[in-house]
Structures are given as C-alpha cells and as structure tokens.
Amino acid sequence: MKLSGGCNCGQVRYELDGDPIRVGICHCETCRKGSGSAFSFFGIWPKASASFSGELGCWESRAGGERFCPQCGSPLFCWADDANEIEIKLGTLDGGPSEMLPAYELWTIRREHWLGRLECAEQHQRDRHEPAD
C-alpha cells in the first residue's frame, strides 16, 4: 500500500509505504486539544516507511514531538526522536481515511458520553500498555 497526504495549504506533503502497524483512536485531553475534536484518529507506521517534504514546526508533548505545518497550523505527525515509529493524523490523508479501521481506543475514561464505544476495537481506559477493558 502506498498512501500520501499533507497539510491544508500544501506546504507539507508526505508519503507512506506499506500498511500501518496499528490504527487507533485517543480520547485523552492532549489529543482532543491537538485535533480540535472529541478524539484523535491516528495510524502508526515504521518511521523508515515515511517520507515528507516541507518545513515542519514542532511542539513537545507527552507523546513526543507533535509536528505541524507552521504556515497553516495543520497537525500532521507525532514521533519521539528515539522511536522507530511515526504517528500519522489520519485526517490528513489524501482522499480520507476510509480504509483505516481502528483496532483500539485509548483513554476511554475521557470519551464523550454521547459517543459510543467501537465494538470492533479494543478498549483501554488509559494507555495501550494497560490491560484492555
């Protein structure tokens, strides 16, 4: 699988080779504020399978460095400098993330009461390394 995406203004572009390692949704406060929505929808790929062009801004958060376009502000990626994985904000994919199905939900204790659980996804009250619900 080869995917591409980018920011709203087109200054940052990226390509991904291969399938994601995993796909998830996070309801934590950091992800909610970073996405401007009730949750963040993301996919994890090996960092080596991602290539990108354009200037990136960086904000250091608990999840590592949140990378965004400094011109339009679109959040795009997250990675820790010492990690081998990159988190892609799936809403930035060209054509949308329709083919990506979440395998898990994180921080479900923060999920909005009006938003139902995904029956097809593992449920974690906090981070993924904790036991599933």
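Our structure's up above, just so we're on the same page.
Residues numbered from 1 in each chain as written. Predicted model: local features only at pLDDT ≥ 70, side-chain atom pairs only at ≥ 80, totals over all residues. Heavy atoms only, no water.

### So, the layout of surface pockets
- In this model, the second largest pocket occupies a volume close to 190 Å³.
- In this structure, the second largest pocket is lined by Gly34, Ser35, Ser37, Phe39, Ser40, Phe41, Ser74, Pro75, Lys89, Leu90, Gly91 and Thr92.
- For the lining of the second largest pocket, the secondary-structure elements that each account for two or more residues are helix H1 (29–35) and strand E4 (40–46).
- In the lining of the second largest pocket, the residues fall into 4 nonpolar, 7 polar and 1 charged. (1 Å grid on protein atoms, 1.4 Å probe; cavity = no way out; pocket = protein on both sides within 12 Å on 5 of 7 lines; lining within 4 Å. Points joined across faces, edges and corners; volume = space filled by probe spheres on them. Helix = DSSP H or I, 4+ residues; strand = E, 2+ residues; numbered from the N terminus. Nonpolar A, V, L, I, M, F, W, Y, C, P; charged D, E, K, R; others polar.)

### Some remarks on the packing of aromatic side chains
- The tally for this structure, following the rule as stated, stands at 5 aromatic pairs.
- Between phenylalanine 42 and tyrosine 104, the ring centres sit 6.1 Å apart and the planes meet at 65°, which makes this aromatic pair edge-to-face. Remark: tyrosine 104 occurs in strand E10 (residues 104–106) and phenylalanine 42 occurs in strand E4; sequence separation between them is 62 residues. Both residues of the pair, phenylalanine 42 and tyrosine 104, count as buried.
- Site record: aromatic cluster; members linked through ring pairs are Tyr14, Phe52, Phe77 and Trp79.
- The lysine or arginine in question, arginine 128, covers the ring of tyrosine 104, its NZ or CZ lying 5.4 Å from the ring centre. (Phe/Tyr/Trp six-rings, centres within 6.5 Å; stacked < 30°, edge-to-face > 60°. Buried < 20%, exposed > 50% of the residue type's maximum accessible area, 1.4 Å probe, protein only. Lys NZ or Arg CZ within 6 Å of the ring centre and 35° of its normal.)

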